[in-house]
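Residue-level structural notes
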Amino acid sequence: MTIRLRPHHLLCLLTYVGKGYGPAFTANYDGIAERLCLGEDILVVSGPDDICAPLLSEPEPHCWAESVVERDRLAARDVADLLARPIGSGIRLDLDASTLARMREAFSAGLTRNACLGCEWAGLCSQVAAGGYPDTRVQRINGSNP
């Protein structure tokens with residue numbers, strides 16, 4: 001199977017520690033994190049993705065907000081620059097241990113944080129990154145340590 005992710009979730013998964021918008025959201029995200037650890041590939045999508053799914057039944061899910069679309073645009077640009085490859089709708093990405101480590105190093109250095117400006121989770125993500133990514137749910141990819 002393939003995990004569908006919008007561009008800014010490529011950054012969110014780096015610091016995900018099991019906190020979220022509610023129990024259904026975190027249960028879903030935990031399952032996605034587990035699938036990533038098993039080596040499932042990622043399909044970059046435009047708009048709501050597999051992580052957003054539990055929120056889409058809300059009356060006005062923030063997943064469609066212009067600020068979130070802008071967050072995607074900024075994340076796609078930063079991740080594309082880091083990985084030296086296009087990141088946009090329809091692009092497939094294998095998140096191996098080396099790529100995860102590179103993405104976390106860049107995130108910690110602030111090189112891929114443009115999309116995080118104004119995000120309600122930015123403080124938590126900064127704490128997780130500053131602490132060396134302890135307790136993150138995406139730790140081991142394909143059985144190797146990042």
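The notes below deal with the structure included here.

What counts and what doesn't
Residues numbered from 1 in each chain as written. Predicted model: local features only at pLDDT ≥ 70, side-chain atom pairs only at ≥ 80, totals over all residues. Heavy atoms only, no water. Helix = DSSP H or I, 4+ residues; strand = E, 2+ residues; numbered from the N terminus. Salt bridge = Lys/Arg side-chain N within 4 Å of Asp/Glu carboxyl O. Buried < 20%, exposed > 50% of the residue type's maximum accessible area, 1.4 Å probe, protein only. Phe/Tyr/Trp six-rings, centres within 6.5 Å; stacked < 30°, edge-to-face > 60°. Contact = heavy atoms within 4.5 Å. Core = buried A, V, L, I, M, F, W, Y, C linked by side-chain atoms within 4.5 Å. Pairing = 2+ DSSP bridges.

So, the environment of Cys37
- In this structure, Cys37 sits in helix α2 (residues 23-37).
- The sequence separation of Cys37 and Ile141 amounts to 104 residues, and the corresponding C-alpha distance is 4.3 Å.

Topic: the pattern of salt bridges
- Considering all chains together, one arrives at 7 salt bridges under this definition.
- Arg73 serves as the salt-bridge partner of Glu70, at 2.7 Å between the closest nitrogen and oxygen. One end of the pair is Glu70 and the other is Arg73, both in helix α3 (residues 66-83) and 3 residues apart, which spans about a single turn.
- Residue class for Glu70 comes out partly exposed when judged on its relative accessible area of 30%.
- A salt bridge links Asp78 to Arg77, with the nearest nitrogen and oxygen atoms 3.4 Å apart.

Details of the packing of aromatic side chains
- Evaluated as defined, the whole model comprises 4 aromatic pairs.
- Aromatic pair Tyr21 and Trp121: ring centres 5.5 Å apart, planes at 85°, arrangement edge-to-face. In this pair, Tyr21 is assigned in the loop between α1 (9-15) and α2 and Trp121 in the loop between α4 (97-108) and α5 (122-130), connecting sequence segments 100 residues apart.
- Given the relative accessible area of 35%, Tyr21 is considered partly exposed.
- For Trp121, a relative accessible area of 23% corresponds to the partly exposed category.
- Site record: aromatic cluster; members linked through ring pairs are Tyr16, Tyr21, Phe25, Tyr29 and Trp121.

Considering the environment of Ile87
- Examined against the element boundaries, Ile87 turns out to sit in the loop between α3 and β3 (92-93).
- Here the alpha-carbon distance between Ile87 and Thr2, two residues 85 residues apart in the chain, equals 16 Å.
- Beyond its immediate chain neighbours, meaning those up to four positions away, Ile87 contacts Leu10, Val44, Ala76, Val79 and Ala80.

A look at the side chain of His8
- Of note, His8 is situated in the loop between β1 (2-5) and α1.
- With relative accessibility at 9%, the residue His8 sits in the buried group.
- In this view, His8 contacts Val68, Arg71, Asp72 and Ala75; residues no more than four positions away in its chain are not counted.

A look at the nonpolar core
- Counting residues in hydrophobic clusters, the biggest one holds 40 residues, and the most contacted among them are Leu10, Leu13, Leu36, Ile87, Leu95 and Phe107.
- If you list the elements that add at least two residues to this core, you get β1, α1, α2, β2 (41-44), α3, α4 and α5.
- For Phe107, the residues in contact, after removing those within four places along its chain, are Leu11, Leu14, Thr15, Thr112, Arg113, Cys116, Cys125, Ala129 and Tyr133.

Regarding the sheet that holds β1
- One open sheet accounts for 3 strands, arranged β1-β2-β3; its pairing is mixed. This sheet does not close on itself; its edge strands, each paired only once, are β1 and β3.
- Two elements, β2 and β3, share 2 bridges in a ladder whose sense is antiparallel. Each bridged residue has a counterpart across the sheet, and for Leu43 the counterpart in β3 is Arg92.

What about the pairing of β2?
- On β2, burial covers both faces: Asp41 and Leu43 on one face and Ile42 and Val44 on the other are all buried.
- Of the strand pairs in this sheet, β1 and β2 are connected by 4 bridges, and their pairing is parallel. Among the inter-strand pairings, Arg4 is bridged to a residue of β2, identified as Leu43.

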